[in-house]
Amino acid sequence: MLGDCIENLRKAGPLVHNITNAVTINDVANVILACGARPIMSDEPADILEVTSICDALNINMGQLKKYTVEGMFLAGKKQRQLGHPVVLDPVGVGASSFRRETATGLLGEVDFTVIRGNISEIRTLALGIGNTAGVDAAVQDRVTEETLERVIPFVKAFSGRTGSVIAVTGSIDLVSDSSTCYVIRNGRQEMGKVTGTGCMLSGMMAAFLAANPERELEAAAAAVCTMGHAGEIGWCRMQEGEGNASYRNRIIDAVYNMNGEILNKGAKYELR
Amino acid sequence: MLGDCIENLRKAGPLVHNITNAVTINDVANVILACGARPIMSDEPADILEVTSICDALNINMGQLKKYTVEGMFLAGKKQRQLGHPVVLDPVGVGASSFRRETATGLLGEVDFTVIRGNISEIRTLALGIGNTAGVDAAVQDRVTEETLERVIPFVKAFSGRTGSVIAVTGSIDLVSDSSTCYVIRNGRQEMGKVTGTGCMLSGMMAAFLAANPERELEAAAAAVCTMGHAGEIGWCRMQEGEGNASYRNRIIDAVYNMNGEILNKGAKYELR
Amino acid sequence: MLGDCIENLRKAGPLVHNITNAVTINDVANVILACGARPIMSDEPADILEVTSICDALNINMGQLKKYTVEGMFLAGKKQRQLGHPVVLDPVGVGASSFRRETATGLLGEVDFTVIRGNISEIRTLALGIGNTAGVDAAVQDRVTEETLERVIPFVKAFSGRTGSVIAVTGSIDLVSDSSTCYVIRNGRQEMGKVTGTGCMLSGMMAAFLAANPERELEAAAAAVCTMGHAGEIGWCRMQEGEGNASYRNRIIDAVYNMNGEILNKGAKYELR
């Protein structure tokens with residue numbers, strides 16, 4: 001059951017190193033605290049190796065990517081994997097520039113990511129970058145819907161097989177997959193897209209779930225996705241008249257703060273494919 | 001009617017590129033989502049040209065100005081204008097250092113800004129920087145009040161004439177002016193000054209309004225100012241006992257999220273001079 | 001009475017320069033506004049000397065330390081002390097890397113800090129860095145409790161004596177001490193540790209208290225600590241069902257916004273040792 005994963009997380013209280021963008025860095029820190037872990041942020045190459053060495057997991061987020069942080073991403077990513085710790089890649093907006101695409105391709109070549117989490121457009125860009133076949137790519141549209149599911153799941157499994165990473169594709173339906181098993185998750189609300197950083201928060205929280213649930217990578221990643229989605233549902237139920245996306249942000253993080261194994265087991269909506 | 005402008009914005013959902021400071025960057029992203037647009041942040045010169053090329057508008061904010069971002073401001077500003085898209089300049093604290101003044105003067109020389117938005121002190125600093133006449137400057141004090149209005153409006157119209165930009169001066173009374181027509185706006189509340197970033201949020205939102213209302217620059221800029229001010233009024237009405245500036249920030253963004261043409265038309269308080 | 005200190009602060013409205021991390025920079029700005037002061041953020045060496053020269057106090061925060069900001073810390077720190085203004089050092093995570101330790105040691109050597117504020121682990125790292133005796137260090141554990149108080153207070157007084165700075169150690173019990181007198185403060189709640197940035201906010205606010213209460217450094221620093229701790233108590237009382245750390249953050253800042261001398265005098269819990 002996925003509920004075990006968050007109970008393990010609250011017991012372990014892992015320290016999660018985040019190399020992330022300034023836009024959502026505060027929300028990432030607060031959601032990591034909310035789920036029972038502890039955040040530390042460092043993106044200075046002079047600082048990063050020592051900081052990452054005392055951490056239990058690493059979250060690399062490419063949003064607002066800057067040249068000076070790229071070196072640290074490579075250093076920290078390789079170090080964490082040497083230590084046997086989980087590393088998450090969030091390739092934010094990777095299709096937006098060749099600088100981002102080249103950085104992502106380089107990282108995929110040198111760091112053995114535990115999970116790669118993005119929307120379908122970002123995941124497709126990564127797959128193209130490492131030379132995926134045209135036929136498969138052409139079949140994958142920018143939205144994961146009930147209609148496209150049959151085509152997207154094999155693509156995601158294949159990409160997991162080629163990278164060795166669990167692939168988490170989030171959207172109106174979320175997929176969390178290794179090369180053989182795919183969690184199809186139907187938690188969350190469309191209005192979460194009106195809050196900046198729900199994806200960034202999920203990636204940070206996922207690193208925490210992975211650290212506290214070793215050797216259950218697929219399940220831990222799925223539990224993180226269900227936690228975020230269900231928190232979005234709970235938070236929406238608590239919205240008062242006149243509230244909007246700023247209050248919703250707080251209510252989502254608050255719902256993560258109050259999440260436990262029982263709530264998650266009851267609220268998680270998924271099937272295995 | 002100004003209400004059309006926000007209705008157009010919600011239909012168009014433009015992508016707004018922001019080069020902005022770390023202090024308020026999260027609020028800028030959330031308010032852009034709240035008004036119906038989509039934000040993207042990039043300030044890395046290696047990334048910025050490609051990112052800005054897929055956007056519909058640009059917001060350049062000089063708060064916490066850093067050397068490494070200046071090059072990107074020039075690149076993105078010129079590119080957006082070549083594409084015929086609106087560009088907003090927010091000269092935050094431009095009077096605080098020669099580095100900021102020189103950057104602003106350089107930008108004014110090379111980028112044909114659609115709107116320049118600041119407080120009266122910032123706007124005056126810019127006017128001095130491009131060699132405004134002493135007589136006019138001397139007449140402009142640091143506050144726009146009913147008493148100083150007669151002197152400030154001609155100054156703002158003249159500065160618009162010289163720059164070719166719409167000038168938006170925000171304070172206890174807000175002015176949005178081209179060289180011939182000035183909106184004198186009396187929305188907003190004094191307590192908004194206790195929330196960091198209400199000016200930054202306005203500039204980001206203004207870029208979105210401009211993108212969705214081409215060839216109505218003056219009206220679109222005025223609609224953005226009225227939206228922010230009226231959201232401040234609505235948000236204040238919803239304050240509960242014991243709340244302060246942190247809750248007020250959320251309530252202002254929430255009110256933008258719930259703003260529509262009808263609410264804006266009823267709430268906007270302005271005259272043309 | 002400590003209540004005078006916040007009344008003086010609301011009257012003076014000092015301008016506080018912050019060189020701080022991106023994680024909590026927005027909260028630092030809002031809490032400085034909440035307590036009646038005005039924040040300005042600049043960390044660009046080309047900008048920093050002019051900015052700091054118009055300010056009344058400086059807050060140097062080493063969180064997420066970056067190479068490019070270090071030069072500015074030295075420049076601004078020395079300039080502010082030449083001007084006779086208070087400077088606070090917040091050595092966030094100073095034990096996490098040699099880059100942070102060396103920067104802190106360098107700063108301690110060149111800037112005569114008014115207050116150094118950190119947790120016991122950070123303060124101990126600083127003391128070791130300037131060559132404290134092993135015997136004293138060994139006695140100081142990573143937590144300040146009723147049991148360890150007898151050993152920690154002499155350590156803190158000795159460190160104040162050696163640095164000439166007021167030392168503020170925050171934790172479950174807070175200590176604010178010069179070389180002879182130590183405020184032992186029992187405000188605050190454990191749940192504040194689940195909100196990122198409560199320490200950063202306190203340091204920014206402390207610089208404001210110091211600026212508005214010259215020649216009462218020890219009392220002003222203690223008043224800032226009691227204000228933050230009591231705001232944490234008030235904010236917690238106002239929490240609604242289903243709320244968590246995101247709402248708590250807002251409620252803490254809101255409580256600072258509504259703090260006055262009377263509330264602080266009634267709520268401050270401290271003894272002198």
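Above this text you will find the structure in question.
An account of the accompanying structure is given in this report.

Criteria and thresholds
Residues numbered from 1 in each chain as written. Chains lettered and ligands numbered in written order. Predicted model: local features only at pLDDT ≥ 70, side-chain atom pairs only at ≥ 80, totals over all residues. Heavy atoms only, no water. 1 Å grid on protein atoms, 1.4 Å probe; cavity = no way out; pocket = protein on both sides within 12 Å on 5 of 7 lines; lining within 4 Å. Points joined across faces, edges and corners; volume = space filled by probe spheres on them. Nonpolar A, V, L, I, M, F, W, Y, C, P; charged D, E, K, R; others polar. Least-squares fit on C-alpha atoms with pLDDT ≥ 70 in both. Contact = heavy atoms within 4.5 Å. Buried area = accessible area lost by both parts, 1.4 Å probe. Salt bridge = Lys/Arg side-chain N within 4 Å of Asp/Glu carboxyl O. Buried < 20%, exposed > 50% of the residue type's maximum accessible area, 1.4 Å probe, protein only. Helix = DSSP H or I, 4+ residues; strand = E, 2+ residues; numbered from the N terminus. Pairing = 2+ DSSP bridges. Right-handed = clockwise from strand over helix to strand, strands pointing away. Polar contact = N/O pair within 3.5 Å; in protein donor to acceptor, adjacent residues only side chain to side chain. Axes fitted to C-alpha atoms, helices over the stretch in contact; angles between N-to-C directions. Phe/Tyr/Trp six-rings, centres within 6.5 Å; stacked < 30°, edge-to-face > 60°. Parallel < 35°, antiparallel > 145°, perpendicular 65-115°, else oblique. Expected span 1.5 Å × (residues − 1).

**Remarks on empty space enclosed by the protein**
This model, assessed by the stated rule, comprises four cavities of 30 Å³ or more. As a volume, the largest cavity reaches approximately 480 Å³. Lys66 of chain A, Lys66 of chain B together with Ala22, Lys66 and Tyr68 of chain C are the residues nearest the centre of the largest cavity, which is lined by 41 residues in total. Looking at the lining of the largest cavity residue by residue, the class counts come to 17 nonpolar, 18 polar and six charged. By volume, the second largest cavity amounts to about 130 Å³. Lining the second largest cavity are 20 residues, and of these Val23 and Asn26 of chain A, Asn26 of chain B together with Val23 and Asn26 of chain C lie nearest its centre.

**Notes on the relation of the copies chain C and chain B**
The transform that puts chain C on chain B rotates by 120° and translates by 0.0 Å along the axis, for an RMSD of 0.0 Å. When the rotation and shift are considered jointly, the pair of chain copies conforms to a three-fold rotation axis. Within chain C, Ala22 of chain C has its C-alpha nearest the rotation axis, a separation of 3.5 Å. Different-surface contact between copies: only 15% of interface residues of chain C are shared with the interface of chain B.

**Describing the interface of chain A and chain B**
On the side of chain B, 26 residues touch chain A, which itself brings 29 residues to the contact. Together chain A and chain B conceal approximately 2300 Å² of surface at their shared face, both sides included; 47% is due to carbon and sulfur atoms. Its largest share of buried area at the contact with chain B, chain A owes to Val23, Lys194 and Asn245 of chain A, together 22% of the area lost on that side. Between the two partners, chain A and chain B, sit four salt bridges.

**Details of the pairing of strand β4 (residues 87-90) of chain C**
Residue and element names in this part refer to chain C. Covered by surrounding structure in β4 are Val87 and Leu89 together with Val88 and Asp90, the residues of both alternating faces. Across four bridges, strand β3 (residues 57-61) lies against β4 in parallel orientation. Considered in β4, the bridge of Leu58 is made with Val87. Running through helix α4 (residues 67-82), the crossover from β3 to the neighbouring parallel element β4 is right-handed. By the bridge criterion, two bridges tie β4 to strand β5 (residues 115-118) in an arrangement that is parallel. In the sheet register, Val88 faces β5, and the bridge partner there is Val115. Considered for its hand, the β-α-β crossover made up of β4, helix α5 (residues 98-110) and β5 is right-handed.

**Considerations on the interface of chain C and chain B**
With 26 residues of chain C at the interface, the matching set in chain B holds 29 residues. Inspection of the region where chain C meets chain B yields four salt bridges. Close ionic contact of Arg238 of chain C with Glu241 of chain B constitutes a salt bridge, the shortest N to O distance being 3.8 Å. Summed over the shared surface of chain C and chain B, the result is 17 residue pairs in polar contact (both at pLDDT 80 or more). Where the side of chain C that touches chain B is concerned, the elements lending two or more residues are α2 (25-34), α3 (45-53) and α11 (245-257) of chain C.

**A few points about the sheet that holds strand β6 (residues 166-169) of chain C**
Residue and element names in this part refer to chain C. Taking strand neighbours across the sheet as the criterion, the nine strands line up as β2-β1-β3-β4-β5-β6-β7-β8-β9 in an open arrangement whose pairing is mixed. Among the strands making up the open sheet, the edge pair consists of β2 (38-41) and β9 (270-272). Shown here is a sheet whose adjacent strand axes are inclined to one another by a mean of 20°, direction ignored. In the sheet, strand β1 (residues 15-19) pairs with β3 via four bridges, with the strands oriented parallel. In the sheet register, His17 faces β3, and the bridge partner there is Leu58. Contacting β1, β2 and β3, α3 crosses the sheet at an angle of about 155° to β1. Along the sheet, helix α8 (residues 149-163) contacts β5, β6, β7 (174-177) and β8 (182-185); its crossing angle with β7, the most-contacted strand, is approximately 35°.

**Regarding the packing of aromatic side chains**
Residue and element names in this part refer to chain A. Considering all chains together, one arrives at nine aromatic pairs over all chains under this definition. Each ring, one from Tyr183 and one from Tyr270, has its centre 5.3 Å from the other, and the planes form 45°; the classification is tilted. You can see Tyr183 sitting in strand β8 (residues 182-185) and its partner Tyr270 sitting in strand β9 (residues 270-272), a full 87 residues away along the chain. Judged by its relative accessible area of 35%, Tyr270 is partly exposed.

**Notes on the relation of the copies chain A and chain B**
Each copy of the sequence occupies a distinct position, and chain A is placed on chain B by a rotation of 120° and an axial shift of 0.0 Å, giving an RMSD of 0.0 Å. Interface overlap between copies is the fraction of interface residues in one copy that are interface residues in the other; for chain A against chain B it is only 14%, indicating separate surfaces.

**Section: the packing of helix α1 (residues 3-12) of chain B against helix α9 (residues 198-212) of chain B**
Between two packed helices, the angle of one axis relative to the other and the distance separating the axes together describe the packing. Residues and elements named next belong to chain B. It is at 8 Å that the axes of α1 and α9 come closest, and there the two elements cross at 85°. Relative to α9, α1 is oriented roughly perpendicular. Counting all contacts with α1, which are made through Cys5, Ile6, Asn8, Leu9 and Ala12, the residues of α9 involved are Ala208, Phe209 and Ala212. Within the contact of α1 with α9, the residues separate by chemical class into seven nonpolar, one polar and no charged.

**With respect to the environment of Glu146 of chain C**
Residue and element names in this part refer to chain C. Within the secondary structure layout, Glu146 lies in the loop between α7 (134-139) and α8. For Glu146, a relative accessible area of 45% translates into the label partly exposed. Each C-alpha atom of the pair Glu146 and Glu110 lies 35 Å from the other, and the pair is 36 residues apart in sequence. Polar contacts involving the side chain of Glu146 include one to the side chain of Arg186, which spans 2.8 Å.

**Here we look at helix α8 (residues 149-163) of chain A**
All names here are of chain A. For α8, spanning 15 residues, the distance from its first C-alpha to its last is 21 Å, which sits close to the expected 21 Å at 1.5 Å a residue. By the burial criterion, the buried members of α8 are Leu149, Val152, Ile153, Phe155, Val156, Lys157, Phe159, Ser160 and Thr163. Once α8 finishes, Gly164 follows within two positions and takes phi at roughly 75°, a positive value.

**Re the sheet that holds strand β8 (residues 182-185) of chain B**
All names here are of chain B. Strand order in the open sheet made by the nine strands is β2-β1-β3-β4-β5-β6-β7-β8-β9, with mixed pairing throughout. The open sheet is flanked by β2 (38-41) and β9 (270-272), the only strands paired with a single partner. Averaged over neighbouring strand pairs, the angle between their axes works out to 20° when direction is ignored. Here strand β1 (residues 15-19) runs beside β2; their pairing, made up of four bridges, is parallel.

Honestly, that's just the spatial picture; any functional story needs more than this.
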